[in-house]
Amino acid sequence: ALRPVFEVLRSAAPSEPAVADTLAALERNRMGNMRLYVGWFAARGPLRVSVDEAATTLFAIVSPDVGRLLCDELGWSREQHTAWVADMLKRALLPE
């Protein structure tokens, strides 16, 4: 899980410019990966929203921050989180 790595980077970023740059690069890379994944999804059938909106939605829903909130703060299990992510992505991205 990358969540702890992102948490350390976010904690250090305000006082360490090099860490802030690394974090920004990681987030850009993560968004690029989301666009790639959405392209694969779109190649298999229509999406409910545009590819850009789908990539943004995927980026947000699978964010390490969302995982931290649900699992660490609210006590969800990894299985609950995984099921929720799958359900949210189906509802947000796939036609009815």
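So, here's what we can say about the structure.

## Quick notes on the nonpolar core
Right, on to step 1. Membership of the largest hydrophobic core is limited to 12 residues, which are Met31, Met34, Val38, Leu47, Val49, Ala54, Ala55, Leu58, Ile61, Val85, Leu89 and Leu93.
Right, on to step 2. For this core, the elements supplying multiple residues, two or more each, are α2 (17-43), α3 (51-61) and α5 (78-93).
Right, on to step 3. Top element by residues in this core is α3. It accounts for four residues.
Right, on to step 4. The contacts of Val85, once residues within four sequence positions are left out, are Ile61 and Val62.

## Regarding α2
Right, on to step 1. Compared with the 39 Å implied by 1.5 Å per residue over 27 residues, the 39 Å span of α2 between its first and last C-alpha is a close match.
Right, on to step 2. Of all the residues in α2, the buried ones are Leu23, Glu27, Arg30, Met31, Met34 and Val38.
Right, on to step 3. Summarising the contacts, the buried residues of α2 are in contact with α1 (3-12), α3 and α4 (64-73).

## Some words on the packing of α1 against α2
Right, on to step 1. In contact at an axis separation of 8 Å, α1 and α2 are set at 135° when each is read in the N-to-C sense. Relative to α2, the element α1 lies oblique. Read as a crossing pair, α1 and α2 show a hand that is left-handed. Between α1 and α2, the contacting residues are Phe6, Leu9, Arg10 and Ala12 on the first element and Val19, Leu23, Leu26, Glu27 and Arg30 on the second.
Right, on to step 2. Taken together, the residues of the contact of α1 with α2 break down into six nonpolar, no polar and three charged.

## Topic: the packing of α2 against α3
Right, on to step 1. Look at α2 against α3: their axes get within 8 Å of each other, and the N-to-C directions meet at 125°. Accordingly, the angle class assigned to the pair α2 and α3 is oblique. As for the relative orientation of α2 and α3, their crossing is right-handed in sense. Contact residues: Glu27, Arg30, Met31, Met34, Arg35, Tyr37, Val38, Phe41 and Ala42 in α2; Val51, Asp52, Ala54, Ala55, Thr56, Leu58 and Phe59 in α3.
Right, on to step 2. The residue makeup of the contact of α2 with α3, split by class, is 11 nonpolar, one polar and four charged.

## Considerations on the packing of aromatic side chains
Right, on to step 1. With the rule as written, the count across this model stands at two aromatic pairs.
Right, on to step 2. Centre to centre, the rings of Tyr37 and Trp40 are 5.5 Å apart; their planes meet at 45°, and the pair counts as tilted. In this pair, Tyr37 and Trp40 are both assigned in helix α2, three residues apart and thus about one turn of the helix distant.
Right, on to step 3. With a centroid separation of 6.2 Å and 75° between ring planes, the pair formed by Trp76 and Trp84 is classed as edge-to-face.
Right, on to step 4. Above the ring of Phe59, the side-chain terminus of Arg30 is found at 3.8 Å from the ring centroid.

Cut-offs applied
Residues numbered from 1 in each chain as written. Predicted model: local features only at pLDDT ≥ 70, side-chain atom pairs only at ≥ 80, totals over all residues. Heavy atoms only, no water. Core = buried A, V, L, I, M, F, W, Y, C linked by side-chain atoms within 4.5 Å. Buried < 20%, exposed > 50% of the residue type's maximum accessible area, 1.4 Å probe, protein only. Helix = DSSP H or I, 4+ residues; strand = E, 2+ residues; numbered from the N terminus. Contact = heavy atoms within 4.5 Å. Expected span 1.5 Å × (residues − 1). Axes fitted to C-alpha atoms, helices over the stretch in contact; angles between N-to-C directions. Parallel < 35°, antiparallel > 145°, perpendicular 65-115°, else oblique. Left-handed = near helix turned anticlockwise from the far one by under 90°. Nonpolar A, V, L, I, M, F, W, Y, C, P; charged D, E, K, R; others polar. Phe/Tyr/Trp six-rings, centres within 6.5 Å; stacked < 30°, edge-to-face > 60°. Lys NZ or Arg CZ within 6 Å of the ring centre and 35° of its normal.

Shape descriptors only; they carry no functional weight alone.
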